[in-house]
Amino acid sequence: MGIHRCKRPLNRNGAITTSLLLVVVLTGSPAVAKSIVPTAKKMAVTVNGVSISEIAVHREMNRQAPSGAFHKFSRKTLQRIRKQAITNLVDRELLYREGLRRGITWDEKWVKRTFSKTRKRYAARPKIYKALGEKKTRMRLMEELRRGQVITKLVNSGMRSLTTTEQAMKKHYRANKSRYRSPKIMRVQEIFFPIKPWSSKAEWGQAKRKAIAARAKVIAGKTMSSLGCKHEARPGKKNSSATGKKKSTSPVTCLVRQRTLHQGAVSNHFNPVFSLRKGSVSKPIFTLKGYTVIRVQSITPSRLFAYKEVQSQVRKDLLRHKHARWLLDLKSKLRKKANIVIAKGTG
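What counts as what
Residues numbered from 1 in each chain as written. Predicted model: local features only at pLDDT ≥ 70, side-chain atom pairs only at ≥ 80, totals over all residues. Heavy atoms only, no water. Helix = DSSP H or I, 4+ residues; strand = E, 2+ residues; numbered from the N terminus. Buried < 20%, exposed > 50% of the residue type's maximum accessible area, 1.4 Å probe, protein only. Contact = heavy atoms within 4.5 Å. Areas by Shrake-Rupley, 256 points an atom, 1.4 Å probe, with all protein chains shown as cover. Pairing = 2+ DSSP bridges. Axes fitted to C-alpha atoms, helices over the stretch in contact; angles between N-to-C directions. Core = buried A, V, L, I, M, F, W, Y, C linked by side-chain atoms within 4.5 Å. Salt bridge = Lys/Arg side-chain N within 4 Å of Asp/Glu carboxyl O. Disulfide = S-S within 2.5 Å. Phe/Tyr/Trp six-rings, centres within 6.5 Å; stacked < 30°, edge-to-face > 60°. Lys NZ or Arg CZ within 6 Å of the ring centre and 35° of its normal. Expected span 1.5 Å × (residues − 1). Parallel < 35°, antiparallel > 145°, perpendicular 65-115°, else oblique.

Hey, could you run me through the overall build of the protein in this one?
Per the secondary structure count, the protein includes 11 helices and 10 strands. Looking at the protein residue by residue over its 347 residues, the buried ones come to 37%. Expressed as a percentage of contacts within the protein between residues at least 6 apart in sequence, the contacts between residues at least 24 apart total 73%. As displayed, the protein has an accessible area near 21,900 Å², and 54% of this comes from carbon and sulfur atoms.

Would you mind going over the sheet that holds strand S10 (residues 340-342) with me for this structure?
For sheets, the rule is that strands pair by backbone hydrogen bonds, running either parallel or antiparallel. Judged by pairing direction, the sheet is antiparallel, and its three strands sit side by side in the order S2-S1-S10 without closing on themselves. Looking along the sheet, the strands with just one partner apiece sit at the ends: strand S2 (50-53) and S10. Neighbour-to-neighbour, the strand axes of this sheet turn through a mean angle of 20 degrees, independent of strand direction. Both strand S1 (residues 43-47) and S2 contribute to a ladder of four bridges, which runs antiparallel. The partner of Thr46 across the bridge, within S2, is Ser51. Helix-sheet contacts for helix H3 (residues 54-64) involve S1 and S2, and the interaxial angle to S2 is about 55 degrees.

Which parts of the structure should I look at to understand the nonpolar core?
In summary, soluble globular proteins display a tendency toward joint burial of nonpolar side chains. In this structure, Val45, Val47, Ile52, Val57, Val90, Leu94 and Leu95 are the most contacted members of the largest nonpolar core, which totals 25 residues. Secondary-structure elements contributing two or more residues to this core are S1, H3, helix H4 (75-101), helix H7 (135-160) and helix H11 (311-337). Broken down by element, the residue count for this core peaks at eight residues, all from H4. Excluding residues within four positions of it along the chain, Val45 makes contact with Val50, Ser51, Ile52, Ile86, Val90, Ile340, Val341 and Ile342. Within the second largest apolar cluster, 15 residues are counted, among which are Val218, Val281, Tyr291 and Val293.

It is not clear to me how the pattern of salt bridges should be interpreted in this structure. Could you clarify?
For side chains bearing opposite charge, pairing can occur when the charged atoms are close. Under the counting rule described, the total for this entry stands at 15 salt bridges. Two residues, Arg335 and Asp91, come together in a salt bridge whose shortest N-O distance is 3.1 Å. Within this pair, whereas Arg335 is found in helix H11, its partner Asp91 is found in helix H4, the two being separated by 244 residues in sequence. Two residues, Glu98 and Arg101, come together in a salt bridge whose shortest N-O distance is 2.7 Å. With a gap of three residues between them, Glu98 and Arg101 both fall in helix H4, about one helical turn apart. A cluster of three or more residues bridged by salt bridges with shared partners is formed by Glu60, Arg63 and Arg92.

Sorry if this is basic, but what is going on with the state of the cysteines here?
Here is the idea: a disulfide is a covalent bond, and it sits between the sulfur atoms of two cysteines. Under the counting rule described, the total for this entry stands at one disulfide. Two residues, Cys229 and Cys254, share a disulfide whose sulfurs are 1.9 Å apart. Between Cys229 and Cys254 the disulfide shows an S-S torsion of about -100 degrees. By sign, it is left-handed. Here Cys229 is found in the loop between helix H9 (201-219) and strand S5 (230-231), whereas its partner Cys254 is found in the loop between helix H10 (240-243) and strand S6 (255-262), with 25 residues between them in sequence. Taking the relative accessible area as the measure of exposure, Cys229 reaches 9% and is therefore buried.

Help me understand the packing of aromatic side chains in this model?
The geometry of an aromatic ring pair is captured by two quantities: the separation of the ring centres and the angle between the planes. One pass over the full model with this rule turns up five aromatic pairs. Ring geometry for Tyr173 against Tyr307: centres 5.5 Å apart, planes inclined by 65 degrees, an arrangement best described as edge-to-face. Taken together, the positions of Tyr173 in helix H8 (residues 166-175) and Tyr307 in the loop between strand S9 (303-304) and H11 put the pair 134 residues apart, joining distant regions of the chain. Looking at Tyr307, the relative accessible area reads 10%, which means it is buried. Ring geometry for Phe286 and Tyr291: centres 5.8 Å apart, planes at 65 degrees, overall edge-to-face. By relative accessible area, which is 37% here, Phe286 ends up partly exposed. Each residue in the set Tyr173, Tyr180 and Tyr307 is aromatic and connected to the rest through ring pairs, giving one cluster. Here the basic side chain of Arg147 rests over the ring of Tyr96, its NZ or CZ set 4.3 Å away from the ring centre. Its end group placed over the ring of Phe270, Arg259 keeps NZ or CZ at 5.0 Å from the ring centre.

What should I look at first to understand H11 in this one?
Every α-helix winds through 3.6 residues per turn, so residues three or four apart in the chain are directed the same way. Taking 1.5 Å of rise per residue, 27 residues should cover 39 Å, and H11 covers 39 Å from first to last C-alpha, within 8% of that figure. Among all positions of H11, only Gln313, Val314, Asp317, Leu318, Leu319, Arg320, His323, Leu327, Leu330, Lys331 and Leu334 are buried.

I tried to follow the environment of Leu162 on my own but got confused; where do I start?
When you line up the elements, Leu162 lands in the loop between H7 and H8. By relative accessible area, Leu162 is classed as buried at 17%. Each C-alpha atom of the pair Leu162 and Arg320 lies 9.4 Å from the other, and the pair is 158 residues apart in sequence. Once residues within four sequence positions are removed from consideration, Leu162 is found in contact with Leu319, Lys322 and His323.

For this particular structure, what's the right way to read the packing of H8 against H11?
Each pair of packed helices can be described by the angle between their axes along with the distance between the axes. The interhelical angle for the contact between H8 and H11, taken along N-to-C directions, is 95 degrees, at an axis separation of 9 Å. As summarised for this structure, H8 and H11 are arranged roughly perpendicular, according to the angle between their axes. Contacts from Glu166, Ala168, Met169, His172 and Tyr173 of H8 reach H11 at Gln311, Val314, Arg315, Asp317, Leu318 and His321.

And the structure:
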């Protein structure tokens, strides 16, 4: 029941990860930097006397949205991306300096080991591998790794200092009960009429009429299996290529398959299904790949987990929220004390 977060090139705490490598190499390698970032030496912002260059802003913007797509964005969108990039860089600089002030250091062995592993990973890509061998690029990436480790240690120290009480945990549980429910689960049989998204209106209309006719037959008592549609192989069942049979190349007009739908984890197109009763047949449902008709076979209702069942998860969630507030407060305090100067025409 934990919250899943996608991995990012730079995590929300500012620590560098190796997926940012390509951006660093392409904008840092002398072989390509001139053609990509003509303003590499121009300063964009100064934080307590430490300058942040235009090339650093460019890298951070590229992390948020690939520079190859910049031409698709409006001027307002690009300004927003740039403003966020500068904010991120300022926050990381402040957190790094605060970490050093508190006596936090990096592990040089870890830095060298991580860099070595990263370079080996790109051995099959000569351009990147060669760029990583250049002294200037290598030093820049290793410095990013050092800074990232200091910031990560600082942020993690905030989590270790946080505590909570049983009373606060119960209050959080009562205020966020929707987070601690199991989803409603529907075991269904589906008859699907696939169609290519770029098909004409007439073809889409024909698919819908077929779905309506199939629904009428199922309501009249026919089983979906008897409608002459192809049956999708069950998970784990050997396909035709594995058994030596030739795979049919004729287009599939309809397909019968078993599915398990979890409320909240499927497309919004299927929302009406969760209001059906066991044995009910849905109206034709439009999806981006065709029309589908669903018959409900079984229902597992949603259930609120008792506090004792999710106590450990509640504690983690509460501490995570407290940690987020702690980090925001820390950034705010550091910003108030800092001397931040944004160059004219760059903010």
